Amino acid sequence: MFIAGYIEKPERGKDIILTEKGRISNEKFFPTLEEKRLIDQYWKNKSELRKARKKANSIIDDSTSTKAVEIDENSGDSDWKTELIDQLKKFSPGKFESFSRLLISKMGVRIDNQRGIIRSGDHSIDGFGYFQSDEFRTSRVAIQAKRFTNGLVGEPEIDKFKGVMDSFNAEYGIFITTSYFTDQAKEKAVVGNNSVTLIDGIKLASLVQKYQFWV
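Here the structure is a predicted model, which means the values were calculated and not measured.

(A) Local environment of the environment of Phe 99. Looking at the element boundaries, Phe 99 is found in helix α4 (residues 93-106). For the pair Phe 99 and Leu 88, spaced 11 residues apart in sequence, the C-alpha separation works out to 9.0 Å.

Here you go:
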């Protein structure tokens, strides 16, 4: 995110600091074309660096040395993901919902601009769209995004979301959180006709990395 100017450059062991741009930015206008160019270039450079490291590791004959190099790289990757999750927890609920919709759209779900954001008391949905799995089949997808700074997402949250899914006739649901899910929530997600894909903080960070989205 520091690439786009929303936070100061992270330093290991120190708190993430929002810039003035990060505090006043409106998620509706993110990302701009210039920000998207910067983000894409960052990931291109990171990908090239990873390829270079992998090539270097492959020519190290000593297995102990090879293992040490791999552990160091994985440690850096874990630190990056932890910093990302910590930063997402500082987002406003609206900004996290916008972030989640943009990520899901990058993964192939076409967000419905008319029905994509519905707020109605306790019955709300943070995203709605369509996923085409082949030439003929298009599925309705409901999205729920919850920015949890502490605690776990439990069965009641999944049950409530499934009720909203029914009102939208959604075949599938995606529940995204910065936290984790209880075992009961995981069980509830796959009960009944409509299943819910659960994305916790760790998986969310992995998807951000995989789809090279907003760093």
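There is more to say, and it comes next.
(B) Representation of helix α5 (residues 155-167) in the model. The end-to-end C-alpha distance of α5, which contains 13 residues, comes to 19 Å, matching closely the 18 Å that a straight helix rising 1.5 Å per residue would cover. Those residues of α5 that fall on the buried side of the exposure criterion are Ile 158, Phe 161, Lys 162, Val 164 and Met 165. Seen from one end, α5 has its buried residues packed into an arc of 160°, which puts them on one side. Those residues of α5 that are exposed and aimed more than 90 degrees away from the buried face are Pro 156 and Ser 167.

(C) The arrangement of helix α7 (residues 201-210) in detail. Buried within α7 are the following residues: Gly 201, Leu 204, Ala 205, Leu 207, Val 208 and Gln 209. Of the residues that open α7, the one with a side-chain oxygen 3.3 Å from the backbone nitrogen of Ile 202 is Asp 200.

(D) Quick look at the nonpolar core. Counting 21 residues, the largest nonpolar core has Leu 88, Phe 96, Phe 99, Ile 176 and Leu 204 as its most contacted members. When contributions to this core are tallied by element, the ones reaching two or more residues are α3 (63-89), α4, β3 (138-146), β4 (172-177) and α7. Residue contacts for Ile 176: discarding those within four places in its chain leaves Phe 96, Ser 100, Ile 104, Ile 143, Gln 144, Ala 145, Lys 146, Ile 199 and Leu 204. By size, the runner-up hydrophobic cluster in this structure holds 18 residues, among which are Tyr 130, Met 165, Phe 175 and Ala 189.

What counts and what doesn't
Residues numbered from 1 in each chain as written. Predicted model: local features only at pLDDT ≥ 70, side-chain atom pairs only at ≥ 80, totals over all residues. Heavy atoms only, no water. Helix = DSSP H or I, 4+ residues; strand = E, 2+ residues; numbered from the N terminus. Expected span 1.5 Å × (residues − 1). Buried < 20%, exposed > 50% of the residue type's maximum accessible area, 1.4 Å probe, protein only. Arc of directions from axis to C-beta. Polar contact = N/O pair within 3.5 Å; in protein donor to acceptor, adjacent residues only side chain to side chain. Core = buried A, V, L, I, M, F, W, Y, C linked by side-chain atoms within 4.5 Å. Contact = heavy atoms within 4.5 Å.

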